[in-house]
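# Observations on the three-dimensional arrangement
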Amino acid sequence: MKKCLLLGNGGREAVLAEQISKGYSLYAIMPYANPSIVEYVEQSNGKYIIGDTFDKELVKEFIEQEEIEACVVSQDNLLQEGLIDLARELGLQTFGPTSKGAKIEWSKTYALEIVKELAPEMIIKNEAITTKEKLEEIISQYEDDSFVVKPEGLTGGKGVKVGGIHFHGKDEGYDYAKTCLEESGKVIIQDKVEGREFTVMALTDGENIVVTPTTFDYPYRFDEDKGPGTGGMGCLSFENGLLPFLDQKDIDLCSKLIQDTIKYVNKDSLEFTGVIYGGFFKCKDGIKFIEFNARFGDPEAINVLNCLETPFTEIFEHISNKTLSPENCKFKKNYTFTVYVVSPNYALSASKEPCEFILNKEAILQKDAKIYFASTKQIEGNHYTSVGNSRLFAIHTNGATLEEAKQKAYNAMENNVDEVLNYRKDIGEIYEH
Ligand code: GLY
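Residues numbered from 1 in each chain as written. Predicted model: local features only at pLDDT ≥ 70, side-chain atom pairs only at ≥ 80, totals over all residues. Heavy atoms only, no water.

Let's shift gears to the overall build of the protein chain. Counting its secondary structure elements, the protein chain contains 14 helices and 23 strands. Over its C-alpha trace the protein chain gives a radius of gyration of 21 Å, about what one expects of a compact globule, namely 22 Å for 433 residues. Looking at the protein chain residue by residue over its 433 residues, the buried ones come to 57%. Relative to all contacts within the protein chain whose residues are 6 or more apart in sequence, the contacts with residues 24 or more apart total 68%. Here the protein chain contributes 47 positively and 70 negatively charged side chains, and the mean placements of these two sets differ by 2 Å. (Helix = DSSP H or I, 4+ residues; strand = E, 2+ residues; numbered from the N terminus. Rg over C-alpha atoms; globule rule 2.2 N^0.38 Å. Buried < 20%, exposed > 50% of the residue type's maximum accessible area, 1.4 Å probe, protein only. Contact = heavy atoms within 4.5 Å. Lys, Arg positive; Asp, Glu negative; His and termini not counted. Charge placed at Lys NZ, Arg CZ, Asp CG, Glu CD.)

This part takes up helix 10 (residues 248-265). Taking 1.5 Å per residue as the helical rise, helix 10 with its 18 residues ought to reach 26 Å, and the 25 Å between its terminal C-alpha atoms agrees with that figure. Considered for burial, the residues of helix 10 that qualify are Asp250, Ile251, Cys254, Ser255, Leu257, Ile258, Asp260, Thr261, Ile262, Tyr264 and Val265. Elements in contact with the buried residues of helix 10: helix 6 (103-106), helix 7 (108-118), strand 10 (196-204), strand 11 (209-211), strand 16 (274-283) and strand 17 (286-293). (Expected span 1.5 Å × (residues − 1).)

This part is about the site of the ligand. The ligand sits among Asp217, Gly231, Tyr277, Asn293, Arg295, Gly297, Asp298, Pro299 and Glu300. At 3.1 Å, a side-chain N or O of Asp217 approaches a nitrogen atom of the ligand. Glu300 places a polar side-chain atom, nitrogen or oxygen, 2.9 Å from a nitrogen atom of the ligand. Out of a free accessible area of 200 Å², the ligand has 88% covered by protein chains. (Near = heavy atom within 4 Å. Polar contact = N/O pair within 3.5 Å; in protein donor to acceptor, adjacent residues only side chain to side chain. Areas by Shrake-Rupley, 256 points an atom, 1.4 Å probe, with all protein chains shown as cover.)

The next point concerns the packing of aromatic side chains. For the structure on display, the rule yields 21 aromatic pairs. The ring of Tyr110 carries the charged tip of Lys103 above its face, separated from the ring centre by 4.6 Å. Lying over the aromatic face of Tyr423, Lys425 brings its terminal NZ or CZ to 4.4 Å of the ring centre. (Phe/Tyr/Trp six-rings, centres within 6.5 Å; stacked < 30°, edge-to-face > 60°. Lys NZ or Arg CZ within 6 Å of the ring centre and 35° of its normal.)

Counting residues in hydrophobic clusters, the biggest one holds 79 residues, and the most contacted among them are Leu5, Phe198 and Phe393. No other element matches the seven residues that helix 10 contributes to this core. In this structure, Val72, Met201, Leu305 and Phe312 belong to the second largest nonpolar core, which totals 41 residues. (Core = buried A, V, L, I, M, F, W, Y, C linked by side-chain atoms within 4.5 Å.)

Space left empty within the atom packing is revealed by a probe, the size of a water molecule, rolled over the atoms. In the structure shown here, the tally under the stated rule is one cavity of 30 Å³ or more. In this structure, the largest cavity encloses a volume near 30 Å³. Every residue lining the largest cavity is listed: Ile104, Lys108, Ala111, Leu112, Lys150, Phe289, Ile290, Glu291 and Phe292. Every element with two or more residues in the lining of the largest cavity is listed here: helix 7 and strand 17. Element by element, the count of residues in the lining of the largest cavity is highest for strand 17, at four residues. Looking at side-chain class alone, the lining of the largest cavity contains six nonpolar, no polar and three charged residues. (1 Å grid on protein atoms, 1.4 Å probe; cavity = no way out; pocket = protein on both sides within 12 Å on 5 of 7 lines; lining within 4 Å. Points joined across faces, edges and corners; volume = space filled by probe spheres on them. Nonpolar A, V, L, I, M, F, W, Y, C, P; charged D, E, K, R; others polar.)

Taken together, Asp52, Asp55, Glu57 and Glu61 make up a surface patch of like negative charges. Looking at where Glu61 falls in the secondary structure, it is placed in helix 3 (residues 56-66). (Patch = residues over 30% accessible without salt bridge, like charges linked within 9 Å, V, L, I, M, F, W, Y side chains within 5 Å. Salt bridge = Lys/Arg side-chain N within 4 Å of Asp/Glu carboxyl O.)

A few words now on the sheet that holds strand 1 (residues 3-7). Read from one edge to the other, the open sheet built from five strands follows the order 3-2-1-4-5, with strand pairing classed as parallel. A single partner strand is all that each edge strand has here, and the edge strands are strand 3 (47-50) and strand 5 (93-95). For this sheet, the mean inter-axis angle between neighbouring strands, taken without regard to orientation, is 15°. As judged from the four bridges shared by strand 1 and strand 4 (residues 70-73), these two strands associate in the parallel manner. Bridged to Leu6 within strand 4 is Val72. Across the sheet, helix 1 (residues 11-21) touches strand 1, strand 2 (25-30) and strand 4, and the angle it forms with strand 1 is around 175°. The strands touched by helix 12 (residues 312-321) within the sheet are strand 1, strand 4 and strand 5, with strand 5 carrying the most contacts at an inclination of about 110°. (Pairing = 2+ DSSP bridges. Axes fitted to C-alpha atoms, helices over the stretch in contact; angles between N-to-C directions.)

Structure below.
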């Protein structure tokens, strides 16, 4: 069986591990033993090592020693650091863009330049700023805090701050923008718009794209979309691949931008394969662009990969052969539902104090729900601990209706997830901002 290396350790990597292990032997490097990834490595007779996934010497040695043939990377900073470039240099079949291709994610100004050229009507008025003077001038033009501050680089979903929600008053917005400017030499100030946010992801072989079911993410920490931004507290997808506030022509516009962007990025050489993620707003005056990511979203990957009808490993082969098409990359029609469980201080404090908890995994599985571990290590039996200060694990269900999928997830969690932990109880509601 083909040996495939997966780098990274989130819930997204846990679901990728599941998919890879169905057709390949899974090899993994991770900073700690993620219980899901360990399970899929063992099921597929692969091997894992605990180590620094950014250590290119370590990765190279593991690839060579184990004679690994393929590599999947879907973590933003690993892509920026060029781990796919390394795998390509070693002759592996790869899923994920090179560092140059991933620039659409690690440089927000580059992404905006592309969209300005390809779909100017999707651009929300913005200014890329490189000096304090310009920052003062631009912010002084706003009457109140109805603007958004976007850092230039990667922030794990936690960097974009919206006036009136994440900061209050122009001064607070200015202070945050100044910090971003000092950190990277660039910051973007964008008009705040009203609308609903959604994600369109597409698989790509560098020439062709196949759009996956559209997803709706819950970036805010608390119920009713309150509190700070997070990497995502939950995610939905609908059986028709759309969302209640979208129609097919909205998705067609987003798909066209994604297809044109792939062409644009790959015009010199084919460096972008894997997944392109477009974040959009549906506003009164049409679809507006928010951002590109060069990878699967997390938790969006959990919803979308659980919808696959075609095995992921077959899709990977089509990506490598540049034969990807909607005929050979198919999705099931059902509702999918994911809830992330986090420690009480997640996104609220920088504390990395370990949080120990009990999780009745077997009871949850018996209730037809799946668990994907993220920043969690098993201590013994049902006893686990957090690692770092990111999300702990995701519960995933599907159903013939959204209500069925939702009830299944929350019922499975009742009495089986330690009360010390937090999760949103309102995944399934669709709010407008
Ligand atoms: N859930 C948002 C992201 O993965 O960036």
